[in-house]
Amino acid sequence: SREPQLRFCYQEYGLKQNPNLAGSVAVAITISGSGSVSDVDITGGTLSDSQVRSCIQQRIRGWRFPSSSAGAGTYGFSFNFTR
């Protein structure tokens, strides 16, 4: 359900500058026990556009997840972007 936010970053900051831009971004998202995102790190991927990567980090920082009695945790995700 949050993919459109990341696609916006790809389309607005990536494709408008480089219509052939494509690739993947791997992120590590640290989620607190209350469900807020406390950290987002780009851990890899082939999409090197710094504006797109920065936008993705900013969008993810605003996400909320259900709270968990298990406490905080870090989770890895990969997103692919193609036209």
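Bear in mind the structure is a predicted one, so any value in this text is a computation, not a measurement. Throughout, a residue's number is its position along its own chain's written sequence, starting from 1. It should be noted that, the model being predicted, local features are given only for residues of pLDDT at least 70 and side-chain atom pairs only at 80 or more, the latter also being counted only at that level, while totals for whole chains, interfaces and linings use all residues. Side-chain numbers here rest on the full set of heavy atoms in the structure, without hydrogens or water.

Considerations on the nonpolar core
For the record, the criterion: Residue types Ala, Val, Leu, Ile, Met, Phe, Trp, Tyr and Cys, when buried and joined through side-chain atoms within 4.5 Å, form a set referred to as a nonpolar core. For each residue, the accessible area found with a 1.4 Å probe, counting protein chains only, is set against the maximum for its type, and the residue is called buried under 20%, exposed over 50%, and partly exposed in between. Elements are defined by DSSP. Helices are runs of H or I of four residues or more, strands are runs of E of two residues or more, and each kind is numbered from the N terminus. Here, two residues are considered to be in contact whenever any of their heavy atoms come within 4.5 Å of each other.
Ile-56, Ile-60, Trp-63 and Phe-81 are the most contacted members of the largest nonpolar core, which has 20 residues in total. For this core, the elements supplying multiple residues, two or more each, are helix H1 (3-15), strand E1 (23-31), strand E2 (37-45), helix H2 (50-61) and strand E3 (73-81). With near-sequence residues (within four places) excluded, Trp-63 lies in contact with Arg-2, Gln-5, Leu-6, Ile-29, Gly-35, Ser-36, Val-37 and Phe-79.

Concerning the sheet that holds E2
Whenever strands of a sheet pair, they do so through backbone hydrogen bonds, lying parallel or antiparallel. How we decide: When DSSP locates at least two bridges between a pair of strands, those strands are taken to pair. Orientation is described by axes fitted as lines to C-alpha atoms, over the contacting stretch for helices, and by angles from 0 to 180 degrees between their N-to-C directions.
Read across the sheet, three strands follow the order E2-E1-E3 without closing on themselves; strand pairing throughout is antiparallel. Both edges of this open sheet fall to E2 and E3, since each of them pairs with a single strand only. Strand-to-strand, the axes of this sheet are offset by a mean angle of 25°, without reference to chain direction. The sheet contact formed by E1 and E3 spans nine bridges and is antiparallel. Each bridged residue has a counterpart across the sheet, and for Val-27 the counterpart in E3 is Phe-77. Relative to the sheet, H2 contacts E1, E2 and E3, its axis offset from that of E2 by approximately 150°.

Here we look at the environment of Asp-41
Among the structural elements, Asp-41 can be located in strand E2. Ignoring any residue separated from it by four or fewer positions in sequence, one finds Asp-41 in contact with Ala-26, Val-27, Ala-28 and Gln-57.

So, to be careful, I would describe these as geometric facts and stop short of saying anything about function.
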